[in-house]
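Examination of the molecular architecture
Spelled out from the first residue to the last, the chains are:
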Amino acid sequence: MLSLLNVLAFLAVAGYAFYLFVNLVYTRYLFIKLGKEAEFEPNLKERFNLILINGFGQSKLFKDKKSGLMHLILFYTFFIIQVGLIELIIKGFIKGYEFPFGDGHKYFSLLQEWATFLMLLAVLYGFYRRYGEKLKRLQWKRDGKAAFVYIALSTLTLSILITLGFEAVMLNHEPNPVYAPFSGAVALLFSGIGTTAGTILFYVFWWIHMLTVFTFLVFVPQSKQFHELFAMVNIFFKKQGPAGKLRKIDFEDETAEEFGVGKIEDFTQAQLIDLYACAECGRCTNMCPASGTGKTLSPMDLIVKMREHLTEKGAAVTSRQPWAPAFAFKNTRANQLALAGGGAQEVAATIESVRLIGDVITEEEIWACTTCRNCEDQCPVANEHVDKIIDLRRYLVLTEGKLNSDAQRAMTNIERQGNPWGLNRKERINWRDSLEEVVIPTAKELKKAGEEFDYLFYVGSMGSYDNRSQKLTMSFARLLHKAGVKVAILGNEEKNSGDTPRRLGNEFLFQELANANIESFKKYNVKKIVTMDPHAFNTFKNEYPEFGLEAEVYHHTQLLEQLIKEGKLQPKNPVDEVITYHDSCYLGRYNNTYDAPREILKSIPGVKLSEPERKRETAMCCGAGGGLMWMEENQGTRINISRTEQLLETNPTVISTGCPYCLTMISDGTKAKEAEDKVQTLDVVEILEKAVI
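Here's what I pulled together on the structure shown here. (Residues numbered from 1 in each chain as written. Predicted model: local features only at pLDDT ≥ 70, side-chain atom pairs only at ≥ 80, totals over all residues. Heavy atoms only, no water.)

**Overview of the sheet that holds strand β3 (residues 528–531)**
- Taking strand neighbours across the sheet as the criterion, the four strands line up as β2-β1-β3-β4 in an open arrangement whose pairing is parallel. Each edge of the open sheet carries a strand with a single partner, namely β2 (487–488) and β4 (552–555).
- Relative to β3, strand β1 (residues 455–458) runs parallel, the two sharing three bridges. Its bridge partner being in β3, tyrosine 458 is matched across the sheet by threonine 531.
- Its contacts with the sheet place helix α24 (residues 534–543) against β1, β3 and β4, and it is angled at close to 160 degrees to β4. (Pairing = 2+ DSSP bridges. Helix = DSSP H or I, 4+ residues; strand = E, 2+ residues; numbered from the N terminus. Contact = heavy atoms within 4.5 Å. Axes fitted to C-alpha atoms, helices over the stretch in contact; angles between N-to-C directions.)

This is the structure:
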């Protein structure tokens with residue numbers, strides 16, 4: 001009779017738990033379906049490779065080695081223990097049951113015991129990281145749900161070992177310290193209590209384990225633990241193509257009444273998957289330059305707040321309760337919205353009154369982002385934060401006509417004169433007048449003479465108008481001449497690349513500039529483009545092809561490295577400097593170009609390269625990206641000053657960059673730190689010129 005009751009109770013608990021679990025997962029699936037359909041490029045091989053590398057390989061997690069090892073243990077021991085769970089469940093109905101592995105079962109038992117023990121150690125270490133070590137990125141969320149995870153996982157692991165220990169007592173088996181070392185220790189400790197007491201305690205702890213398993217099963221879809229299911233899905237559906245590539249807006253769509261994202265359902269379904277995949281690990285916020293310097297933006301908070309908003313709105317629209325069991329969550333706002341019925345006018349009014357921009361996400365958060373992608377590089381579940389922020393900016397700019405006054409001034413100047421300062425567009429080529437002994441022709445001049453060129457040198461607004469950046473332009477021109485490279489410029493025909501308008505949300509202006517530039521490139525049969533501006537480099541290389549550009553695009557450090565390898569440039573003059581190199585976001589994280597500038601510096605005699613702590617993928621933004629070059633920082637510490645402080649810690653005599661924007665920001669930083677007399681700020685091209693010419 002007791003056996004029958006045991007079976008019935010188990011089936012009732014398991015059935016109810018699985019019902020709630022499936023219902024909760026399906027509910028969130030319906031919430032995601034509220035978003036717009038996204039284009040899906042199969043590329044199955046690449047997608048499965050990403051799952052192997054970032055999912056099963058846990059590569060992103062090892063950016064923090066201690067945390068990476070902890071999660072690797074948790075990840076794989078979880079799968080191992082699930083196999084043992086099946087056997088453990090059957091043990092509750094068939095006394096002494098074992099999988100029919102024969103003599104091999106002892107090895108299965110050994111694997112299960114050590115996997116369980118290692119998982120327990122990983123859980124305890126995770127608890128220590130949060131509450132003992134007080135890891136900064138985890139302290140934002142020291143709530144009940146986080147504590148429940150540690151308690152539940154500790155209970156799960158301990159109850160396995162204790163249950164197996166009491167099983168040995170129940171069956172009057174001798175403890176086995178070799179193949180069952182941990183449960184054997186329990187059996188040895190309680191060996192004198194007798195088989196009856198052993199049987200009772202076996203079922204007590206068996207039920208503790210089962211109830212914990214099914215409680216955790218229901219808990220997972222309602223917490224950050226949902227990433228255990230959605231991480232792999234998110235990695236699989238990750239946007240393919242160049243890193244950080246933005247979606248094109250179709251302005252010819254006559255049915256479109258709004259542009260950008262003003263409502264949560266305006267995001268694509270792929271973007272909404274991000275929200276439920278978030279593990280709330282804080283890695284993104286920990287590395288965010290805006291968050292780290294006291295701005296209101298936290299990439300993790302951004303995702304979490306949008307997830308909560310989607311859950312509430314989804315509950316109202318679909319009339320499905322997102323929290324279960326319902327009786328335990330009847331007072332939650334989302335469940336109340338669901339119970340009221342999606343069609344009710346008062347419900348619609350309630351949820352529609354909550355604005356995504358303003359009530360959920362503040363404008364200050366949206367404009368604080370430098371678009372550096374440090375957050376995305378750190379995210380272990382492949383969340384993409386930047387495209388969401390840009391979509392929100394697009395709504396503010398294109399639909400509501402809202403833009404910071406400084407940014408609007410730069411945008412207007414770009415529209416009217418082709419540069420952010422509003423200087424005369426006919427003065428774009430004037431820098432050439434200061435170039436002595438070297439002639440850099442325009443494409444128009446060469447076309448008239450019937451001559452061809454190898455590369456179009458896109459100078460950009462900084463290189464054309466900014467006094468400091470003009471020196472970089474001339475250094476590069478002299479090196480190209482020295483190497484015998486046939487190069488041309490567009491001169492006054494050159495237009496802004498459109499990077500600034502696009503990152504600030506003015507997609508319309510960006511597309512106008514892109515189309516105009518591409519027409520100029522086609523007009524002069526441009527096949528190769530080289531630029532010193534990483535923002536233009538990224539825009540031409542990764543975003544213009546969608547608008548019809550067919551050309552190879554190079555950053556100046558890539559071309560210079562190539563010319564050195566070919567022997568066309570020979571660094572012979574010693575440059576006795578200690579140099580620390582600052583990685584540009586749009587050259588590094590967007591285009592994975594880290595080695596070229598370093599190889600150039602290493603090729604120069606006398607140079608000692610001193611790397612900062614945050615370098616390459618983890619390098620901090622200078623603060624100029626995302627259009628923030630043209631906006632004042634009104635919160636916290638200036639980003640460029642924080643980055644300069646990091647670079648100065650290496651005790652350099654020169655801080656080098658490969659970007660005119662970075663050079664400006666770091667130069668301002670050294671002045672603010674009163675270090676400009678001791679530390680020079682130079683572009684890689686200027687240092688190379690000293691060694692070559």
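**What about the pattern of salt bridges?**
- Under the counting rule described, the total for this entry stands at 37 salt bridges.
- We note a salt bridge from aspartate 391 to arginine 394, for which the minimum N-O separation is 3.4 Å. Taken together, the positions of aspartate 391 and arginine 394, both in helix α17 (residues 386–399) and three residues apart, correspond to about one turn of that helix. No difference in accessibility class separates aspartate 391 from arginine 394, as the two residues are buried.
- Glutamate 561 is paired through a salt bridge with lysine 565; the nearest N and O atoms lie 3.3 Å apart. Taken together, the positions of glutamate 561 and lysine 565, both in helix α25 (residues 556–565) and four residues apart, correspond to about one turn of that helix.
- The exposed category is assigned to lysine 565, whose relative accessible area is 68%.
- The network of salt bridges with common partners includes Arg247, Asp391, Arg394, Asp499, Arg502, Arg503, Glu507 and Glu543. (Salt bridge = Lys/Arg side-chain N within 4 Å of Asp/Glu carboxyl O. Buried < 20%, exposed > 50% of the residue type's maximum accessible area, 1.4 Å probe, protein only.)

**Re the packing of aromatic side chains**
- Tallied over the entire structure, the rule returns 44 aromatic pairs.
- Between the aromatic rings of phenylalanine 10 and tryptophan 206, the centroid separation amounts to 5.8 Å while the plane-to-plane angle is 40 degrees, which identifies the pairing as tilted. Taken together, the residues phenylalanine 10 in helix α1 (residues 2–32) and tryptophan 206 in helix α7 (residues 195–219) connect sequence positions 196 residues apart. Comparing phenylalanine 10 with tryptophan 206, the two get one shared label, buried.
- Between phenylalanine 117 and phenylalanine 182, the aromatic rings sit 4.2 Å apart at their centres with planes inclined by 15 degrees, giving stacked as the arrangement. Of this pair, phenylalanine 117 sits in helix α4 (residues 105–132) while phenylalanine 182 sits in helix α6 (residues 181–189); the two residues are 65 residues apart in sequence, bridging distant segments of the chain.
- On the basis of relative accessible area, phenylalanine 117 is assigned to the partly exposed category, the value being 24%.
- Linked through ring pairs, Phe10, Phe18, Phe93, Phe202, Tyr203, Trp206, Trp207 and Phe214 together constitute an aromatic cluster.
- Just above the ring of tryptophan 323 sits the side chain of arginine 28; from NZ or CZ to the centre is 5.1 Å. (Phe/Tyr/Trp six-rings, centres within 6.5 Å; stacked < 30°, edge-to-face > 60°. Lys NZ or Arg CZ within 6 Å of the ring centre and 35° of its normal.)

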